[in-house]
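Notes for the structure review
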Amino acid sequence: MTTFRTVRVALFAVIVALTAVLGGVIPAAAQSLPTVVLVHGAFADSTGWDGVAQRLRGQGYQVLTPENPLRGPAHDAAAIQSVLDTVEGPIVLAGHSYGGFVISNVHDPDVVSMVYVAAFAPAQGEIAQLALDPIRFPGSQLLPPTLQVELVDDPQGPMGRNLDGYIAPDRFHEVFAQDVDDATAAQMIAHQQSIAVAANLEPSGPPSWAQVPSWYLVSAQDRVIPPSSQRFMAGRMGAQVSELDASHASLVSRPDDVAATITTAAG
């Protein structure tokens with residue numbers, strides 16, 4: 001009986017010790033993961049990241065998907081910075097489309113890596129429109145009548161108004177997201193957000209990608225930002241480059257692949 005009691009006491013001590021060790025290790029491992037911040041681009045809102053965010057959260061990442069105001073690089077970068085200021089610890093910052101222009105103008109010491117998904121990656125002084133240069137980079141279909149403009153209420157604009165661009169709903173599926181089903185395209189159209197025309201003409205500041213390790217995911221079937229333009233920007237920035245046989249909306253049509261690239265960037 002004494003021997004049995006001794007064994008029980010020993011086993012209990014082992015269990016207590018393991019619980020203490022695991023209780024310390026597991027939270028520490030979870031806390032070691034960086035926070036992922038996903039920035040949407042023009043003609044979309046944060047719901048475009050839903051599939052990617054769901055996959056990343058399933059792997060234990062804290063994920064934030066702030067709304068991008070789409071008013072201009074400096075203004076929008078400040079809005080994203082205000083979100084980053086609420087985060088403790090390392091950050092992986094990802095941007096899609098115009099969102100890449102915005103994250104390039106965010107300079108936060110906690111950002112340890114950046115991911116560009118079919119995105120603008122400007123050099124200092126460049127405007128977004130240069131990446132759509134039809135002479136150097138033919139193929140963009142982001143032209144009238146696909147691209148439409150309208151006057152909108154905007155506190156950032158002159159006299160509270162601004163000229164915004166948006167994609168004509170009857171052209172959205174074919175140009176922006178030709179590889180998603182009709183129901184998904186309809187949902188994306190319902191969530192479309194217009195962008196200030198002036199945002200595409202505002203020069204970039206010094207790009208943060210020059211100082212931060214970066215990944216670039218090219219969409220080889222992109223009808224908005226030509227793949228040749230994406231490859232040029234990715235090569236110039238020295239990014240880790242991979243390609244998807246996908247539309248401009250690869251974050252929606254290929255969320256597994258986009259999430260995998262982000263987890264690679266997260267180390």
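The rules behind the values
Residues numbered from 1 in each chain as written. Predicted model: local features only at pLDDT ≥ 70, side-chain atom pairs only at ≥ 80, totals over all residues. Heavy atoms only, no water. Pairing = 2+ DSSP bridges. Helix = DSSP H or I, 4+ residues; strand = E, 2+ residues; numbered from the N terminus. Axes fitted to C-alpha atoms, helices over the stretch in contact; angles between N-to-C directions. Parallel < 35°, antiparallel > 145°, perpendicular 65-115°, else oblique. Left-handed = near helix turned anticlockwise from the far one by under 90°. Contact = heavy atoms within 4.5 Å. Phe/Tyr/Trp six-rings, centres within 6.5 Å; stacked < 30°, edge-to-face > 60°. Buried < 20%, exposed > 50% of the residue type's maximum accessible area, 1.4 Å probe, protein only. Patch = residues over 30% accessible without salt bridge, like charges linked within 9 Å, V, L, I, M, F, W, Y side chains within 5 Å. Areas by Shrake-Rupley, 256 points an atom, 1.4 Å probe, with all protein chains shown as cover. Salt bridge = Lys/Arg side-chain N within 4 Å of Asp/Glu carboxyl O. 1 Å grid on protein atoms, 1.4 Å probe; cavity = no way out; pocket = protein on both sides within 12 Å on 5 of 7 lines; lining within 4 Å. Points joined across faces, edges and corners; volume = space filled by probe spheres on them. Nonpolar A, V, L, I, M, F, W, Y, C, P; charged D, E, K, R; others polar.

1. A few points about the sheet that holds strand E1 (residues 35-39)
A sheet is described by the order of its strands in space; here 6 strands give the open sequence E2-E1-E3-E4-E8-E9, paired in parallel fashion. A single partner strand is all that each edge strand has here, and the edge strands are strand E2 (63-64) and strand E9 (240-244). Pairing between strand E3 (residues 91-96) and strand E4 (residues 111-117): 6 bridges, direction parallel. Among the inter-strand pairings, Gly95 is bridged to a residue of E4, identified as Tyr116.

2. Overview of the packing of helix H5 (residues 169-176) against helix H6 (residues 182-190)
At a minimum axis separation of 10 Å, H5 and H6 run at an interaxial angle of 120°. Relative to H6, the element H5 is oriented oblique. Here H5 runs over H6; the crossing is right-handed. Side by side, H5 and H6 meet where Pro169, Phe172, His173 and Phe176 of the first sit next to Asp182, Ala185, Met188 and Ile189 of the second.

3. Some points on the packing of aromatic side chains
The tally for this structure, following the rule as stated, stands at 5 aromatic pairs. Pairing Tyr116 with Tyr216 gives two aromatic rings, centres 6.2 Å apart and planes at 5°, and the pair type is stacked. With Tyr116 in strand E4 and Tyr216 in strand E8 (residues 214-219), this pair connects stretches of sequence that are 100 residues apart. Taken as a pair, Tyr116 and Tyr216 share a single burial class, namely buried. Each ring, one from Phe137 and one from Phe232, has its centre 5.6 Å from the other, and the planes form 40°; the classification is tilted. Here the residue Phe137 occupies a position in the loop between E4 and strand E5 (147-153), and Phe232 occupies one in helix H7 (residues 227-237), the gap between them amounting to 95 residues. With relative accessibility at 36%, the residue Phe232 sits in the partly exposed group. Among the aromatic residues, those joined into a cluster by ring pairs are Phe43, Phe172 and Phe176.

4. Focus on a nonpolar patch on the surface
Nonpolar side chains collect at one region of the surface, where Val149, Leu151 and Leu163 lie side by side and expose about 270 Å² of accessible area between them. With respect to the element layout, Leu151 can be found in strand E5. Leu151 sits in the exposed class, given a relative accessible area of 56%.

5. Observations regarding the pattern of salt bridges
A complete count under the given rule lists 9 salt bridges for this structure. Among the ionic pairs, Arg231 bridges to Glu243, the shortest N-O distance being 2.6 Å. On the criterion of sequence distance, the pair formed by Arg231 in helix H7 and Glu243 in strand E9 is long-range, its members being 12 residues apart. Judged by relative accessible area, Arg231 falls into the partly exposed class, the value being 39%. Of the charged contacts, one joins Arg254 and Asp257 as a salt bridge, the two residues approaching to 2.8 Å between their closest N and O atoms. The class for Arg254 is partly exposed, based on a relative accessible area of 28%. It is possible to trace a salt-bridge network through shared partners that takes in Arg71, Asp154 and Asp164.

6. What to know about the layout of surface pockets
Space inside the largest pocket adds up to approximately 360 Å³. Along the wall of the largest pocket there are 23 residues; nearest its centre are Gln129, Leu132, Leu142, Leu147 and Asn200. Looking at the lining of the largest pocket residue by residue, the class counts come to 17 nonpolar, 6 polar and no charged. Of the voids in this model, the second largest pocket is the one considered here, and its volume is about 290 Å³. When contributions to the lining of the second largest pocket are tallied by element, the ones reaching two or more residues are helix H2 (50-58), H5, H6 and helix H8 (250-253). Grouping the constituent residues of the lining of the second largest pocket by class yields 8 nonpolar, 7 polar and 2 charged.

7. Thoughts on unusual backbone geometry
In this chain, Pro144 is followed by Pro145 through a cis amide linkage whose omega measures 5°. Take Pro145: it is sitting in the loop between E4 and E5. The phi dihedral of Phe43 is positive, around 65°, even though this residue is not glycine. Locating Phe43 in the fold gives a position in the loop between E1 and H2.

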